[in-house]
Amino acid sequence: MSIGSIKEFNLQDGNWNFYTERLEMYFAANSVKNDKKLPTLISVMGEDAYGLLASLASPIQPKDLSYDRAVNILSQHLQPKPSIMAERYKFRQRRQMTTETVACYVAELKRLSKYCDFGKSLEENLRDQFVCGVSSDVIRQRLFAEETLTYETAVRLAKSMESAERDAASVERTGIVHTQAGNITPELNKLNIRGKRNGEAGRQEAACSTRAEGNMQFQADSPNGLPCTVCGWRNHTAVKCKYRQHTCSKCKNVGHLRRMCPLADISCRRDPLSTNSHRKTRGVNFVGSNDVDDTDYSSCDDDFINYLSLSKYPPVSLPLIVNDKVISMEVDTGAPIACISKETYDAMFADVPLKPYSQGFNCYNKTKIQPVGVLKPNVKYGGISKNLELFVMDKGTTSLLGRHWLTELKIPTMCKHASCVNNIATDVSLNVDVLLDRYKEIFDGGLGRFNGGEIQLRLRDGAVPIYCRARPLPYALLRRVDNELDSMLRDGIIEPVDSSDWATPLVPVSKSDGGLRLCADYKITLNPVLLVDRYPLPRVEDLLVTLNGSQYFSKIDLSQAYNQLVLDETSRDLTVINTHRGLFRYNRLVFGLASSAGIFQRTMTNLLKGVHPSVGIFQDDVIIGGSSKEEHLKA
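Residues numbered from 1 in each chain as written. Predicted model: local features only at pLDDT ≥ 70, side-chain atom pairs only at ≥ 80, totals over all residues. Heavy atoms only, no water.

Each helix and strand counted, the chain has 19 helices and 20 strands in total. In the chain, of all internal contacts separated by at least 6 residues, the share reaching a separation of at least 24 is 60%. Summed over all atoms, the accessible surface of the chain reaches about 37,100 Å², with 52% contributed by carbon and sulfur. (Helix = DSSP H or I, 4+ residues; strand = E, 2+ residues; numbered from the N terminus. Contact = heavy atoms within 4.5 Å. Areas by Shrake-Rupley, 256 points an atom, 1.4 Å probe, with all protein chains shown as cover.)

Right, here's the structure in full:
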């Protein structure tokens, strides 16, 4: 009986190197001999991976390859060696995230250094990037203070300091809770904290903790005194704070928000109702009675902060009669539905049965919320009475009046009408219609043909033809691929051939509009031996300079742009594709060729050169500008 098992390789998101490493361990555990490795690989790799191997190895069949050769062919295709400069750039940009531990940060740096080719200087580079990228200023300063610092020493010190901070935060939190209950005085708790820490970090945390304890002790006697030590708001004590179970993003402990964290810098600790304290903080903070402000303000020395209380801008609410009961609902034109909380439903509409609702709603941050159910009460407003859907949300905080009810009840809103910026007048539209009618053959929807000459593809000296067999297609795509092939045959883009020295496998690609584009995998056949046209594409800055001063803009998007350029006879024989219906060669320029972008950009630039100074070309998009309507139409 064999030890372990190897699943099929996933071509979509599998790691081929990891797969072969596990396969080698499987060979060792089961004493698989060298002559049995290739049959075992072909047996377990799956149909998709085998089809790819057969295409890449063609005309040699996979069974005639050696095991090492088969693995190497797929490695070069699936995981080619990345650029050392690009990998080093990624490595240098990596910083520790606020929610990431030192151990996770170290593991990520090691992963990124795999292809950086640091050689003997690996540990030195790991040390430098680790020290410079660590998120804690206290840890970084401690590491900078070391005269001779090795990579192992830096990691060990950082881990121990991180653990000490976590333990100290736990002690502080426990001491604060005891203080509120009256078991320990603030002075004893302060001594306990200082005993746990030393140096600048200890003094900083002790000062923060003393302030937090003072706030807690004072609030126990006067709820309207200092801010709550959990969220910083003044209208309640910490015992009644709804964020007392919140996890702080600074110390990862439960019981307070980041702005009230004992480990945060005192200059970053904020009183939401204060307008003249802690002025040196980066960014703008909006704090309200219902806000969870857990923003990272790790740097506090640049810009002044503006505090705005959202309570100064109360919501717009309307009283509605729902099932003969008056309910005040907040107008929300961003919500498509009307909804109430489960608590409101239980208090006012418990006698109305809820109907299940299987579909959810997407929130602003794309998270999905599932309603408890839906009811259809009678709603009255301004003489209008209708039965409308009302959704019940679990853990809801307010009643919302969305666009559905606003429309059905004919409730006016300020944002009901909108005007278009730079809207072209009717007379200009008429002129555009005249242009469209004059050149209607260009806009008839058919495939165009460039009559300025044929395109020639040039090969490098000594290029050897490569023939690849057709790749298997998913059965769900067969009909769509057949339809696309028939359409290309009707338009003359391709034509069938009986034989060819060159053959490239077909690759169907889904377009953004839901359609299908047929391309070919020329990177394994023609592209490596093709003399690539290196004509440069324009930069965004170049196009903006071209359109400078324009007030009116139009864009012409060419349909099937590359296919409008005709290939010469010799080039057509190079572009043959191998499909489940046989061989076809392209008569027109094709997507996937390394030279297509440069050839097309050169052709469009030469064609429209000197037409108008406010015309820019980027591939199949022609951008037209004008400072006035007349100039725009003239361009």
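This is not the end of the story, as more comes after the structure.
For the rest of this paragraph, the subject is the sheet that holds strand β17 (residues 577-579). The sheet built from 5 strands is open, its strands ordered β13-β18-β17-β14-β15 with mixed pairing. Two strands lie at the open edges of the sheet, namely β13 (494-497) and β15 (516-520), each paired on one side alone. Shown here is a sheet whose adjacent strand axes are inclined to one another by a mean of 45°, direction ignored. Sitting on the sheet, helix α15 (residues 475-491) touches β13, β14 (504-510), β15, β17 and β18 (582-586), and the angle it makes with β15 is about 80°. (Pairing = 2+ DSSP bridges. Axes fitted to C-alpha atoms, helices over the stretch in contact; angles between N-to-C directions.)

Our focus in this paragraph is the packing of aromatic side chains. A complete count under the given rule lists 12 aromatic pairs for this structure. Relative to F600, the ring of Y562 lies with its centre 5.3 Å away and its plane at 50°, an arrangement referred to as tilted. Of this pair, Y562 sits in the loop between β16 (552-557) and α17 (569-574) while F600 sits in helix α18 (residues 596-608); the two residues are 38 residues apart in sequence, bridging distant segments of the chain. Look at Y562 and you get buried, because its relative accessible area is 11%. Residue classification places F600 among the buried positions, given a relative accessible area of 3%. By the ring-pair criterion, three or more aromatic residues cluster together here, those being F9, W16 and Y19. (Phe/Tyr/Trp six-rings, centres within 6.5 Å; stacked < 30°, edge-to-face > 60°. Buried < 20%, exposed > 50% of the residue type's maximum accessible area, 1.4 Å probe, protein only.)

This next bit is on the packing of helix α6 (residues 102-112) against helix α7 (residues 122-133). α7 packs onto α6 with a crossing angle of 140° between their chain directions and a minimal axis gap of 11 Å. As judged from the angle between their axes, α6 and α7 are oblique. Crossing of α6 against α7: the hand is right-handed. Between α6 and α7, the residues in contact are V102, Y105, V106, L109 and K110 and L126, Q129, F130 and G133, respectively. When grouped by side-chain class, the residues that make up the contact of α6 with α7 number 6 nonpolar, 2 polar and 1 charged. (Parallel < 35°, antiparallel > 145°, perpendicular 65-115°, else oblique. Left-handed = near helix turned anticlockwise from the far one by under 90°. Nonpolar A, V, L, I, M, F, W, Y, C, P; charged D, E, K, R; others polar.)

Across a regular strand the side chains alternate sides, sitting on one face of the sheet and then on the other. The pairing of strand β3 (residues 317-322) with strand β4 (residues 325-331) spans 6 bridges and is antiparallel. Paired with I321 across the bridge in β4 is V326. Connecting β3 to the next strand, β4, in antiparallel fashion are 2 residues, including N323 with a positive phi near 55°. The sheet contact formed by β4 and strand β12 (residues 400-401) spans 2 bridges and is parallel. Opposite V331, over in β12, you have L401 as the bridge partner.

Okay, α6 next. By the burial criterion, the buried members of α6 are V102, Y105, V106, L109 and L112. Angular distribution of buried residues about the axis of α6 spans 125°; they occupy a single face of the element. (Arc of directions from axis to C-beta.)

By secondary structure assignment, the location of I42 is in helix α2 (residues 34-44). Spatially, the C-alpha atoms of I42 and K63 are 8.4 Å apart, while their sequence positions differ by 21 residues.

The subject of this paragraph is the confidence of the model for the chain. Averaged over all residues, the pLDDT of the chain is 76; the fraction at 70 or higher stands at 76%. Within the model, the stretch residues 176-224 combines pLDDT values under 50 with 75 contacts to residues more than four positions away or in other chains. (pLDDT = per-residue confidence, 0-100.)

With that settled, consider helix α3 (residues 47-57). Looking at α3, one finds that the buried residues are A49, G51, L52, L53, A54, S55 and A57. Packed against the buried residues of α3 are α4 (67-78).

Remark: α7 packs on helix α8 (residues 137-144), axes separated minimally by 8 Å, with the N-to-C direction vectors making an angle of 140°. Classified by the interaxial angle, the pair formed by α7 and α8 is oblique. Contacts between α7 and α8 involve F130, V131 and C132 on the former and, on the latter, R140, L143 and F144. Residue classes in the contact of α7 with α8 are distributed as 5 nonpolar, no polar and 1 charged.

Take the nonpolar core next. Residues L457, Y522, L526 and Y586 are the most contacted members of the largest nonpolar core, which totals 35 residues. Those elements that place two or more of their residues in this core are α15, β15, β18, α18, β19 (615-618) and β20 (621-626). For L457, the contacting residues outside a window of four places in its chain are L526, L530, L567, S571, L574, T575, L593 and I599. (Core = buried A, V, L, I, M, F, W, Y, C linked by side-chain atoms within 4.5 Å.)

What follows concerns the environment of M348. With respect to the helices and strands, the residue M348 is situated in helix α12 (residues 342-348). Filtering out sequence-adjacent residues up to four positions away, M348 remains in contact with K325, V326 and I327.

Here T344 lies in helix α12. For T344, a relative accessible area of 19% translates into the label buried. A polar side-chain atom of T344 sits 2.9 Å from a polar atom in the side chain of S341. (Polar contact = N/O pair within 3.5 Å; in protein donor to acceptor, adjacent residues only side chain to side chain.)

To continue, consider unusual backbone geometry. The step from S58 to P59 runs through a cis peptide bond, and the omega angle for that step is 10°. Looking at where P59 falls in the secondary structure, it is placed in the loop between α3 and α4. Here the phi dihedral of D117 falls at roughly 55°; this positive angle occurs in a residue that is not glycine. Phi at D324 takes a positive value of approximately 65°, unusual for a residue other than glycine.

This brings us to the sheet that holds β16. The strand order across the open sheet formed by 3 strands is β16-β20-β19, and the pairing between neighbours is antiparallel. Two strands lie at the open edges of the sheet, namely β16 and β19, each paired on one side alone. Adjacent strand axes in the sheet meet at a mean angle of 20° when their direction is disregarded. Alignment of β19 against β20, held across 4 bridges, turns out to be antiparallel. Along β20, the bridge assignment pairs I617 with V622. Along the sheet, α18 makes contact with β19 and β20, crossing β19 at roughly 165°.

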